[in-house]
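# Structural overview for review
Residues per chain are reported as follows:
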Amino acid sequence: KNLTPGNYKLSISFIGYQEMVKNMTLSNKSVELGKLKLAIQELRVKEVIVGGTMVRQEQKGDTTVFNAEAFKVHADATTEDLLKKMPGITIEGSTIKSGGQQVKKVLVNGKEFFGNDPMLAVKNLPAEAIERIEVYDKQSDQSQFSGFNDGNEERTINIAIRNDRNMGRFGKAYVG
């Protein structure tokens, strides 16, 4: 109502729809626009970055579980290099200590690896193959067999291997 005759631009917009612009010429007569349909505007996001902090360790009952991916080591690092970065675990010469107690056994996926020498497993396994490290007090073989806790426990580290790295061979080769 009450517009002077002449040329006008009609602009219609709404969030989520493309803007519609029509050129119009108005005279003294009323103008019927009919139905106007707005096209849906696609909103494309270039990049979304989700950030957070990785859980380094958690306590599950009497077991301390370390997330291996949360500790940065160099590309050709061994498990020994990874263990040195974990809080509460120290390596002094050929002995591994956790919480001040000497680690007697190192298991890989819950099974003995390289006999009774914990350092053999730690020096030979690549750090990139490890998913998590579990530290706990394991009951003696006699306690596990009888089901009666005799109080003899030994500090144990279980190294859980990532599923995609669980099968295969490993080793080191030097060429001169």
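Bear in mind that the values here come from a model prediction, so they are computed numbers and not experimental data. (Residues numbered from 1 in each chain as written. Predicted model: local features only at pLDDT ≥ 70, side-chain atom pairs only at ≥ 80, totals over all residues. Heavy atoms only, no water.)

We now examine the pairing of strand E3 (residues 57-60). For E3 and strand E4 (residues 63-67), the ladder comprises 4 bridges, and the chain directions are antiparallel. Each bridged residue has a counterpart across the sheet, and for Glu58 the counterpart in E4 is Val65. If you look at the hairpin formed by E3 and E4, you'll find 2 residues sitting between the two strands, and Gly61 has a positive phi there, around 65°. (Pairing = 2+ DSSP bridges. Helix = DSSP H or I, 4+ residues; strand = E, 2+ residues; numbered from the N terminus.)

Counting residues in hydrophobic clusters, the biggest one holds 27 residues, and the most contacted among them are Ile96, Ile133 and Ile157. The set of elements that each furnish at least two residues to this core consists of helix H1 (79-84), strand E5 (89-92), strand E7 (101-108), helix H2 (118-124), strand E9 (130-139) and strand E10 (153-161). Not counting the four nearest positions on each side in its chain, Ile157 is found in contact with Leu83, Ile96, Val103, Lys105, Val106, Leu107, Ile133, Glu134 and Val135. (Core = buried A, V, L, I, M, F, W, Y, C linked by side-chain atoms within 4.5 Å. Buried < 20%, exposed > 50% of the residue type's maximum accessible area, 1.4 Å probe, protein only. Contact = heavy atoms within 4.5 Å.)

Okay, a nonpolar patch on the surface next. Residues Phe14, Ile15, Tyr17 and Ile40 make up a contiguous nonpolar surface patch of roughly 510 Å² in combined accessible area. Turning to its location among the elements, Phe14 is positioned in the loop between strand E1 (6-12) and strand E2 (20-26). (Patch = residues over 30% accessible without salt bridge, like charges linked within 9 Å, V, L, I, M, F, W, Y side chains within 5 Å. Areas by Shrake-Rupley, 256 points an atom, 1.4 Å probe, with all protein chains shown as cover. Salt bridge = Lys/Arg side-chain N within 4 Å of Asp/Glu carboxyl O.)

Take the environment of Gly6 next. Along the chain, Gly6 falls in strand E1. Spatially, the C-alpha atoms of Gly6 and Thr25 are 5.6 Å apart, while their sequence positions differ by 19 residues.

Evaluation of the coordinates by the stated rule reveals 9 salt bridges. Across the pair Glu80 and Lys84 runs a salt bridge whose closest N-O atoms are separated by 3.8 Å. Of the two residues, Glu80 and Lys84 both sit in helix H1, 4 residues apart, roughly one turn of that helix. A relative accessible area of 13% means that Glu80 is categorised as buried. Notably, a salt bridge pairs Asp164 with Arg162, separated by 2.9 Å at the nearest N-O pair. Assessed through its relative accessible area of 54%, Asp164 is described here as exposed. Connected via shared salt-bridge partners are Glu80, Lys84 and Lys123.

Moving on, we come to unusual backbone geometry. Positive phi values are uncommon outside glycine, yet Asn109 reaches one of about 55°. Position of Asn109 relative to the elements: it lies in the loop between E7 and strand E8 (111-112).

Structurally, Thr79 is set in helix H1. Sequence-distant contacts of Thr79, defined by excluding residues within four places in its chain, comprise Ala121, Val122, Leu125, Pro126, Ala127, Ile130, Ile133 and Ile159.

Bringing the layout of surface pockets into the picture now. In this model, the second largest pocket occupies a volume close to 250 Å³. The wall of the second largest pocket is formed by 13 residues, among which Lys1, Leu3, Leu26, Lys29 and Val31 lie closest to the centre. When residues of the lining of the second largest pocket are traced back to their parent elements, those giving at least two are E1 and E2. With 3 residues, the single largest contributor to the lining of the second largest pocket is E1. Here the lining of the second largest pocket is built from residues that sort into 7 nonpolar, 3 polar and 3 charged. (1 Å grid on protein atoms, 1.4 Å probe; cavity = no way out; pocket = protein on both sides within 12 Å on 5 of 7 lines; lining within 4 Å. Points joined across faces, edges and corners; volume = space filled by probe spheres on them. Nonpolar A, V, L, I, M, F, W, Y, C, P; charged D, E, K, R; others polar.)

What follows deals with the environment of Asp150. Structurally, Asp150 is set in the loop between helix H3 (141-146) and E10. In this structure the C-alpha to C-alpha distance between Asp150 and Glu80, which are 70 residues apart in sequence, comes to 32 Å.

Before going further, it helps to examine the confidence of the model for the protein chain. Per-residue confidence for the protein chain gives a mean pLDDT of 84; residues scoring 70 or more make up 93%. In the model of the protein chain, H3 stands out as the element of lowest mean pLDDT, 69, in contrast to E4, which has the highest, 92. (pLDDT = per-residue confidence, 0-100.)

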